[in-house]
Amino acid sequence: MARRKSTSDPTIIALANQKGGVAKTTTVASLGAAFAEQGRRVLLVDLDPQACLTFSLGVDPDTVEKSIHDVLTGGTDLGDVVIGCDEDLDLVPSTIDLAGAEALLLVRPGREYVLRSALEAGAAAYDVVLLDCSPSLGVLTLNALTAADGLIIPMPCEMLSHRGVGQLLDTVADVQRILNPDLEVWGILPTLYDGRSNHSREVLADVGERYDLPVLMPPIPKTVRFAEAPAVGRSVLSTASSSKGARAYREIATLLLDRL
Ligand code: ADP
Ligand code: MG
């Protein structure tokens, strides 16, 4: 999974799945906190107009003056919008303004490369950049896939959660062909896993073969701990540090760091 032009460049990881509610945002916050715990300098980028990541890190999107929207459509430097959050995480926040960015970018040549350029210019100080995609395959997600070294696809171990993954992988193939030949699919991250449910276990056993992709293990267990964390602006790694969910994200972070 190595491509770095320079070893000092950050590794950029996109979390994408055009289905909502699959734990993209939760994974960005939790993995980010796990990387930071392990001493990495981490930047999280909220690419969803719903700004759930921004909110879950304790930042009220309504009070944000400059956001990813200004970076993508107004040429604002990335560094000018970064907000330092708890758990040693830096955030590029989103606001509802971002909902208009798709339309503004559509008429721009090179529209898929805007985020990549902004990160090249403004993210050199970080080891890892995590991109939290919106639930769509529009221009914003294309920007994420164009900027990324690796893609992780969170997938809940629940009924019908597979639908749409084929379409995402078709988009990835297009991006690899046209926009970013270096993009690698690092694997599926099984989320919302309930070890007591036969169905959860079946999904976990089948999903890698079905899509011919690595499955990042262990699966992230389904626990109420995850619902509590965003309300206090911290990830589950600090609100329930020794919980099964926090431990699973730490293991995934270690696995990824070993491979970088
Ligand atoms: P997405 O960004 O893909 O839309 P979120 O990360 O916002 O998904 O998660 C959707 C919902 O599921 C949120 O309410 C979140 O708290 C909850 N959730 C995420 N991961 C887990 C988990 N492992 N166990 C229980 N609930 C979870
Ligand atoms: Mg989300």
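Since the model is a prediction, treat every value here as computed from it, not as a measurement.

Novice: How would you sum up the pairing of strand 6 (residues 150–156)? Please name residues and give values.
Specialist: Most of strand 6 is tucked away, with seven of its seven residues classed as buried. Here strand 6 shows two buried faces, one formed by Gly150, Ile152, Pro154 and Pro156 and the other by Leu151, Ile153 and Met155. Where strand 1 (residues 11–15) meets strand 6, three bridges bridge the pair, whose relative direction is parallel. Paired with Ile13 across the strands is Gly150, a residue of strand 6. As defined by bridge partners, strand 6 adjoins strand 7 (residues 184–191) across seven bridges and the pair is classed as parallel. Counterpart to Ile153 in the pairing with strand 7 is Ile188.

Novice: Outline the site of ligand 1, supporting the account with residue identities and numerical values.
Specialist: In the vicinity of ligand 1, 14 residues are found, and the nearest of them are Gly21, Lys24, Thr25, Thr26 and Pro221. Within the backbone of Pro221, an N or O atom sits 2.8 Å from a nitrogen atom of ligand 1. Considered on its own, ligand 1 offers 560 Å² of accessible surface; in the complex 74% of this is hidden by protein. At the level of elements, helix 1 (24–37) and helix 9 (225–228) are the ones that each hand at least two residues to the shell around ligand 1.

Novice: I'd like a description of the sheet that holds strand 1, backed by residues and values.
Specialist: The seven strands are arranged 3-4-2-5-1-6-7 in an open sheet whose pairing can be described as mixed. Single-partner strands in this sheet number two, and they are strand 3 (83–85) and strand 7. Averaged over neighbouring strand pairs, the angle between their axes works out to 25° when direction is ignored. Relative to strand 5 (residues 128–133), strand 2 (residues 42–47) runs parallel, the two being bridged by six bridges. Counted as the bridge partner of Leu47 is Cys133 from strand 5. Of the strands in this sheet, strand 1, strand 2, strand 5 and strand 6 are in contact with helix 6 (residues 139–147), which crosses strand 5 at around 155°.

Parameters and conventions
- Residues numbered from 1 in each chain as written.
- Chains lettered and ligands numbered in written order.
- Predicted model: local features only at pLDDT ≥ 70, side-chain atom pairs only at ≥ 80, totals over all residues.
- Heavy atoms only, no water.
- Buried < 20%, exposed > 50% of the residue type's maximum accessible area, 1.4 Å probe, protein only.
- Helix = DSSP H or I, 4+ residues; strand = E, 2+ residues; numbered from the N terminus.
- Pairing = 2+ DSSP bridges.
- Near = heavy atom within 4 Å.
- Polar contact = N/O pair within 3.5 Å; in protein donor to acceptor, adjacent residues only side chain to side chain.
- Areas by Shrake-Rupley, 256 points an atom, 1.4 Å probe, with all protein chains shown as cover.
- Axes fitted to C-alpha atoms, helices over the stretch in contact; angles between N-to-C directions.
- Contact = heavy atoms within 4.5 Å.

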